[in-house]
Amino acid sequence: MSNSSGKKLYLSPPHLNGDEINYISNAIESNWVAPLGPHVDAFEEEVSQYVGVNHAAALSSGTAALHLALKILGVKKGDHVFCSDLTFIASANAIRYLDAIPVFIDADPASWNMCPKALLKAFDSYSPKAVIVTDLYGQSANYEDLSEICNAHKIQLIEDAAESLGAEFQGRKCGSFGDMAILSFNGNKIITTSGGGMLLSNNKNYIEEAKKLSTQAREDAIHYEHNRVGYNYRLSNILAAIGRAQLKSLDDYVNKRRDIFNYYKNQLDNFDQIEFMPELENSISTRWLTVLRFQDFSYNDIKSLVEKFSLENIEAKPLWKPMHLQPVFKGLSFISSQDPDGFSGELFQQGICLPSGSALNTDEQGLIIEVIKNFLN
Ligand SMILES: *Cc1c(COP(=O)(O)O)cnc(C)c1O
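Described in the following lines is the structure provided in the data block.

The rules behind the values
- Residues numbered from 1 in each chain as written.
- Predicted model: local features only at pLDDT ≥ 70, side-chain atom pairs only at ≥ 80, totals over all residues.
- Heavy atoms only, no water.
- Disulfide = S-S within 2.5 Å.
- Buried < 20%, exposed > 50% of the residue type's maximum accessible area, 1.4 Å probe, protein only.
- Phe/Tyr/Trp six-rings, centres within 6.5 Å; stacked < 30°, edge-to-face > 60°.
- Helix = DSSP H or I, 4+ residues; strand = E, 2+ residues; numbered from the N terminus.
- Lys NZ or Arg CZ within 6 Å of the ring centre and 35° of its normal.
- Near = heavy atom within 4 Å.
- Polar contact = N/O pair within 3.5 Å; in protein donor to acceptor, adjacent residues only side chain to side chain.
- Areas by Shrake-Rupley, 256 points an atom, 1.4 Å probe, with all protein chains shown as cover.
- 1 Å grid on protein atoms, 1.4 Å probe; cavity = no way out; pocket = protein on both sides within 12 Å on 5 of 7 lines; lining within 4 Å.
- Sits in = over half its atoms within 2 Å of the grid points.
- Nonpolar A, V, L, I, M, F, W, Y, C, P; charged D, E, K, R; others polar.

## Some words on the state of the cysteines
Where two cysteines share a covalent bond between their sulfur atoms, that bond is called a disulfide. Scanning all chains against the criterion turns up zero disulfides. Cysteine Cys83 shares no disulfide, and the gap to the nearest cysteine sulfur, in Cys150, comes to 12 Å. Owing to a relative accessible area of 0%, Cys83 belongs among the buried residues under this scheme.

What follows is the structure, encoded as structure tokens:
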């Protein structure tokens, strides 16, 4: 068996459900093709209801949402902001937009998300202005411990739930933890608007401020009046329309991705060196990506395996390269409760993300599994 169909198997391609076109037509027929409009309002309402928060601002990207969240908390030049080390770079870039200084916090073997012990340790050396915690690969971080630590230090927590819409921890949805949370609807996320994001909070003032800053900080006047520098960060009505159609499939897509994970896990159960990303007790991961590590691998093995996949027209990727190892962040602090390279560095050497799109079928998964089996045997 080989992937002779010629169809490339992507990590997480968009999965359209067919209803998007009706929503787009509605937006176009109503002539609401400008930014803002009724679909934007409705999308904010529906997402906040799904997640269980009171207020939301639909924005042009998840990165824009992170930028505004930090801005709203008053993060300024020279301030420290704690940030998950094992994350996609957008979480950390937003800190740099404000000339603030990221301090990277190691991952925890129990969740592969931010390590509470390392977070606590970081407070010994720094007084940060905010903490950004990423819910990685569809998994909630351990907010029981992380929120307690942030509360004890009276520091606001921003939840980066870009990869984990639909996930739960202790009966609450990801996106409802922290003083603010951000979502992304980029093309690779579990639901997409092609590009887009959202800022969520129970604090009405925060969201009103986000709506103002994202529309060039325009003051209330008949002419264009501005007291502050703003941004052009709002979502368009057409893209919000796509998001509303996608949202209806979210729970199906979560179940589908969990099924895909379980199939990988069952089929690869015999290999003792394989460890799958753990699911915290009392949590439901969306398994946005199926992620696993080979305990006897080094980075070169991962590289060879990714190349083997590539020959079969299959997209697989090493784990996100930790922020403390990124050349762009050279010289910045990294706090770990273990060895200098941290648990995140160890995962990067041994981990791989497998194709996990909700439209992936069992035959296609079989091809992917076969590549791994051949590689290991
Ligand atoms: C995708 C992603 C973002 C950024 O979202 P965009 O909408 O692409 O700007 C932020 N954080 C994490 C963890 C992500 O995976």
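Now that the structure is up, let's keep going.
## Let's talk about the packing of aromatic side chains
Each aromatic ring pair is specified by the distance between its two centres and by the angle formed by the two planes. For the structure on display, the rule yields 13 aromatic pairs. Consider the rings of Phe43 and Phe185, whose centres lie 5.0 Å apart with planes at 50°: the pair is tilted. Within this pair, whereas Phe43 is found in helix H2 (residues 38-51), its partner Phe185 is found in the loop between strand E8 (180-184) and strand E9 (197-201), the two being separated by 142 residues in sequence. In this structure an aromatic cluster arises from ring pairing among Phe82, Phe123 and Tyr126. Stacked on the ring of Phe261, the Lys or Arg Arg287 has its end atom at 3.6 Å from the ring centre.

## Quick notes on unusual backbone geometry
One non-glycine residue, Trp112, lies in positive phi territory at about 65°. Considering the arrangement of structural elements, one finds Trp112 in the loop between strand E3 (101-105) and helix H5 (116-125). Exposure remark for Trp112: the relative accessible area of 0% places this residue in the buried category. Phi at Lys154 is positive, roughly 55°, even though this residue is not glycine. With respect to the helices and strands, Lys154 occurs in the loop between helix H6 (143-152) and strand E5 (156-160). Residue class for Lys154 comes out exposed when judged on its relative accessible area of 75%.

## A word on the site of the ligand
With respect to spatial proximity, 15 residues lie near the ligand, and among them Thr63, Asp160, Glu163, Ser184 and Lys189 are the closest. Taking Gly62, its main chain carries an N or O atom lying 2.8 Å from an oxygen atom of the ligand. Side-chain polar atom of Thr63 to an oxygen atom of the ligand: 2.5 Å apart, as the coordinates give it. Isolated, the ligand exposes 380 Å² of accessible area, and the fraction of that covered by the protein chains is 93%. Put simply, the ligand lies in the largest pocket. Only helix H3 (62-72) and helix H4 (90-97) provide two or more residues apiece to the shell around the ligand. Taken together, the residues of the shell around the ligand break down into three nonpolar, nine polar and three charged.

The quantities given are spatial measurements derived from coordinates; they are silent on function.
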